[in-house]
2 protein chains.
Amino acid sequence: MKRRHAIGLGAAGIAGAGAGLAASRLLPEPAAHAADPAAEAIEFYGAHQAGIVTPAQDRLHFAAFDVITSDREELVELLKAWTAAAARMCGGDYAGPGGAVGGDVYAPPEDTGEAQGLPASGLTLTIGFGPSLFQDADGADRFGIAAKRPDALTELPGFPLDDLDPAISGGDLCIQACANDPQIAVHAVRNLARIGFGTVSIRWSQLGFGRTSSTSQAQATPRNLMGFKDGTANLKAEDGDLLDEHLWVGDGDGADWLAGGSYLVSRRIRMMVETWDRTSLTEQEAIFGRDKSEGAPLSGGGEFDEPDFDAERDGAPAIPMNAHVRLAHPSSNDGARLLRRGYSFVDGSDDLGRLDAGLFFIAYQRDPATGFIPVQQALAKSDVLNEYIKHTSSALFACPPGVADGSDWWGRALFS
Amino acid sequence: MKRRHAIGLGAAGIAGAGAGLAASRLLPEPAAHAADPAAEAIEFYGAHQAGIVTPAQDRLHFAAFDVITSDREELVELLKAWTAAAARMCGGDYAGPGGAVGGDVYAPPEDTGEAQGLPASGLTLTIGFGPSLFQDADGADRFGIAAKRPDALTELPGFPLDDLDPAISGGDLCIQACANDPQIAVHAVRNLARIGFGTVSIRWSQLGFGRTSSTSQAQATPRNLMGFKDGTANLKAEDGDLLDEHLWVGDGDGADWLAGGSYLVSRRIRMMVETWDRTSLTEQEAIFGRDKSEGAPLSGGGEFDEPDFDAERDGAPAIPMNAHVRLAHPSSNDGARLLRRGYSFVDGSDDLGRLDAGLFFIAYQRDPATGFIPVQQALAKSDVLNEYIKHTSSALFACPPGVADGSDWWGRALFS
């Protein structure tokens, strides 16, 4: 029963039948719209989880969860239930087979209902496991999986200028919900939280209103809230062997259960947009090392031309030595490449009347030790952009490989 | 120069010319895309402000401002500058004539740039004046307009169960930015705040990710985060004489400068969605007085059929006496009708792991004393929904009539 495919009597028919509400609601509800939800559905099953190289959808709801049970079996049952619900919702269906108004009318509905009548909207749900799921702060083996924790899955090191709020950092589990309709992303996170009631609790949650990265060559490069095109040199779905080299955890990487998966780093990066907006165009472009309009490197060419870090203009480097594009470039970081999947956010305003706005940075990589960590160490040390940004949240998760089919589930290889 | 209509040399041409950045940026930037931004533009000028009966766009950024100058002329200049920028942006253009990268490259750009390459996306910008703009808390006439304050423009009364946070309530001015692309709504508010630097400061700001009301019969009724269709009985653009009766301030209403305008009430209504999600379908439907799937009144018929409050089922009222639809209905409130324009929000989560989610309620009316106030008094007293919601922010603004043409400006009649 898809959200738009249900058949049955409408409310009018029900009331006319005079059979009372209880009985009538055992019938499937009528279709709200005629369109096929599956037409906008992204395949949930596969070798890799969807939501990584999937062309970045427009909207994000990201949630980190704490596991509040100490019972391994409860956690396993939750992961199975989540997998089933996620597969259903990504296919444009309700979270549970009873739907929003089916089943026992004297019990809570099996779906919260706000997605009824809406298509799948390109929904992907991607799960990750945080270091704290394996061992608590005292080193205790919480669920009998401590021995399976890969060395790379450890708290990120502190970086200079970090201004992290622990309350919105870390987490035992994460769910990245991306969709082209924010109602669909919110619906998915909310229903997973509902299913997890008593087993997990939301630790923090972040909405992103607009993608700032492309993950496919078919997508135009979007602009971040500094007005610049972002992620021009991103790893993309079409990058073939580069994905095996830089994105997917390999068979020999020391954690069998994670082969085919990837590490997710999230950083909530507040932008001081009011200060930025009082900076000259010349300074803004020098800071990024790209021109603002086209996104071309200041050494010349077009957006997708490689920066020439040796080029000079008027006797000085055309791309300044501490420009963001130079510091973040693979050639400055032993070839490190990331697949970025960030989103812009505005979370109201602060006491000083400034927008609480910025970039919710998400990056996937095969190994944070050769990916995000060295790049961020270089940026935190020298990037002039640091005057205008502040990292307020940080997390690292290991995202397992894809779910093979309906009998498989998120984390099976980890817990089996 | 529209955001997509600019012509000139691209970055490649500029770099090739070797003319240096400063000179080259005096040229208009190249078009990022080919589409016509005006195709999705909504007319800014007119008898009424756009953004009221305009078919509700999908996304919202609402900002309340404090005026931080005591100089009337500075405020007037700001209102003129805002009007000009708003007219430009609603037409798909940059906030200032220099655009994002034109003009003096050693000065801050006249547009923050993140909307470059994007169409107007149905943007509307609607301004409102709060009671505190006319008189401060001590009753002082801040800008020589105290005598023009209509009696209706006074702080809303307290309602039972109010749990308001003063930091996100009230405000001297408000801007409601609605668009189908959130990047466009955010861009508009951010550029108005930028233009107002030193004259106004953002007091609070709220993003809404999805509309919960229809304001035109051409729109399908959306669902709120309780999973119910919302605003079925809303005042709509097609309602003709009803709009003059209930929505627009009339010539004889006691404030000439406001004739053709309307009063805006905003209420941030947190929903305890986790509690709601553990409630049975039967109870949810009894609370709303409508069926969840179709939105039909429990007295029978379809979504748009009038509720029959005398109908009985099994010897009891088919629509319970304290159902939301009964308490909010015009027949229970001396005929009060509102034009609602609300949006769903999720602002992360709270300390207890619950989503900070709900409805940012916006309602327009001719007079709050016969509109929102009596309806909310009835709801606050008896609505069973109160178990699941909490009003955390409240504001009232008088929205002046529309801007006639390029020589007119927001508030001209008030300040002239």
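Within each chain, residues carry numbers counting from 1 in the order of the written sequence. The order in which chains are written sets their letters, starting at A; the order in which ligands are written sets their numbers, starting at 1. In keeping with the model being predicted, local features are shown solely for residues with a pLDDT of at least 70 and side-chain atom pairs are shown and tallied solely at 80 or more, while totals for entire chains, interfaces and linings include all residues. Calculation of side-chain values draws on the structure's entire complement of heavy atoms; hydrogens and water are dropped beforehand.

Threshold: UniProt positions are given in the numbering used here, feature names are shortened, and annotations may be inferred rather than shown by experiment.
If you look chain A up in an unreviewed UniProt entry, it shows as Deferrochelatase from Glycomyces lechevalierae. For chain A, the Function (unreviewed entry) comment in UniProt is given as "Involved in the recovery of exogenous heme iron. Extracts iron from heme while preserving the protoporphyrin ring intact."

1. Thoughts on empty space enclosed by the protein
Residues and elements named next belong to chain B. The condition is simple: Both cavities and pockets are sets of points on a 1 Å grid over the protein atoms alone; in a cavity a 1.4 Å probe fits but cannot get out, in a pocket the set is open with protein on both sides within 12 Å along at least five of seven lines, and lining residues sit with an atom within 4 Å of a point. Grid points are joined across faces, edges and corners, and a volume is the space filled by probe spheres set on the points. We count a stretch as a helix when DSSP gives it H or I for four or more residues in a row; a strand needs E for two or more, and each element gets its number in order from the N terminus. Gly falls in the polar group here, along with every residue not listed as nonpolar (Ala, Val, Leu, Ile, Met, Phe, Trp, Tyr, Cys, Pro) or charged (Asp, Glu, Lys, Arg).
Following the criterion strictly, the structure yields six cavities of 30 Å³ or more and no others. The calculated volume of the largest cavity comes to roughly 690 Å³. Taken together, 32 residues make up the lining of the largest cavity; nearest its centre are D230, H324, A328, R340 and L379. Among the secondary structure elements, those contributing two or more residues to the lining of the largest cavity are β6 (262-271), α9 (324-328), β11 (355-365), α10 (372-382) and β12 (389-399). Ranked by residues supplied to the lining of the largest cavity, first place goes to α10 with four residues. Partitioned by chemical class, the residues of the lining of the largest cavity number 17 nonpolar, nine polar and six charged.

2. Observations concerning the UniProt feature "domain: Dyp-type peroxidase C-terminal" (unreviewed entry) in chain A
Mapped onto this structure's residue numbering, the UniProt feature "domain: Dyp-type peroxidase C-terminal" (unreviewed entry) falls at residues 221-403 of chain A. As a span, residues 221-403 of chain A carries 18% helix and 25% strand, and end to end its C-alpha atoms are 30 Å apart.

3. Overview of α10 of chain B
One turn of an α-helix holds 3.6 residues; hence residues three or four places apart share an orientation. Residues and elements named next belong to chain B. Test applied: Only protein chains enter the accessibility calculation, which uses a 1.4 Å probe; a residue is then buried when its area is under 20% of its type maximum, exposed when over 50%, and partly exposed in between. By construction, the arc corresponds to the directions joining the helix axis to the C-beta atoms. In this analysis, two residues are considered to be in contact whenever any of their non-hydrogen atoms come within 4.5 Å of each other.
Where α10 is concerned, the buried positions are F372, I373, V375, Q376, L379 and A380. What you see down the axis of α10 is that its buried residues fit within an arc of 160 degrees, all on one side. Where α10 is buried, its residues meet β6, α9, β11 and β12.

4. A few points about the interface of chain A and chain B
A common way to express how large an interface is: the accessible area buried when the components associate. What counts is decided by this rule: The term buried area denotes the loss of accessible surface (1.4 Å probe radius) that occurs when two parts are joined, taken as the sum for both partners. By salt bridge we mean one thing: a side-chain nitrogen of Lys or Arg within 4 Å of a carboxyl oxygen of Asp or Glu. Definition of a polar contact: a pair of N or O atoms within 3.5 Å, with one able to donate and the other able to accept a hydrogen when the atoms are protein atoms, and with sequence-neighbouring residues admitted only if both atoms are side-chain atoms.
Residue-level contacts link 69 residues of chain A with 69 residues of chain B. Buried surface at the junction of chain A and chain B, summed over both partners, amounts to about 5,700 Å²; 60% is from carbon and sulfur atoms. Counting the surface chain A buries against chain B, the share from its top three residues, R190, R223 and D277 of chain A, is 11%. If you look at where chain A meets chain B, you find two salt bridges. We note a salt bridge from D277 of chain B to R190 of chain A, for which the minimum N-O separation is 2.7 Å. Summed over the shared surface of chain A and chain B, the result is 18 residue pairs in polar contact (both at pLDDT 80 or more). Looking at the side of chain A that touches chain B, the elements with two or more residues in it are α1 (11-17), β1 (59-67), α5 (182-195), β4 (200-208), α7 (273-276), α8 (281-288) and β10 (343-349) of chain A. Take the side of chain A that touches chain B: its biggest share by element is six residues, from β4 of chain A.

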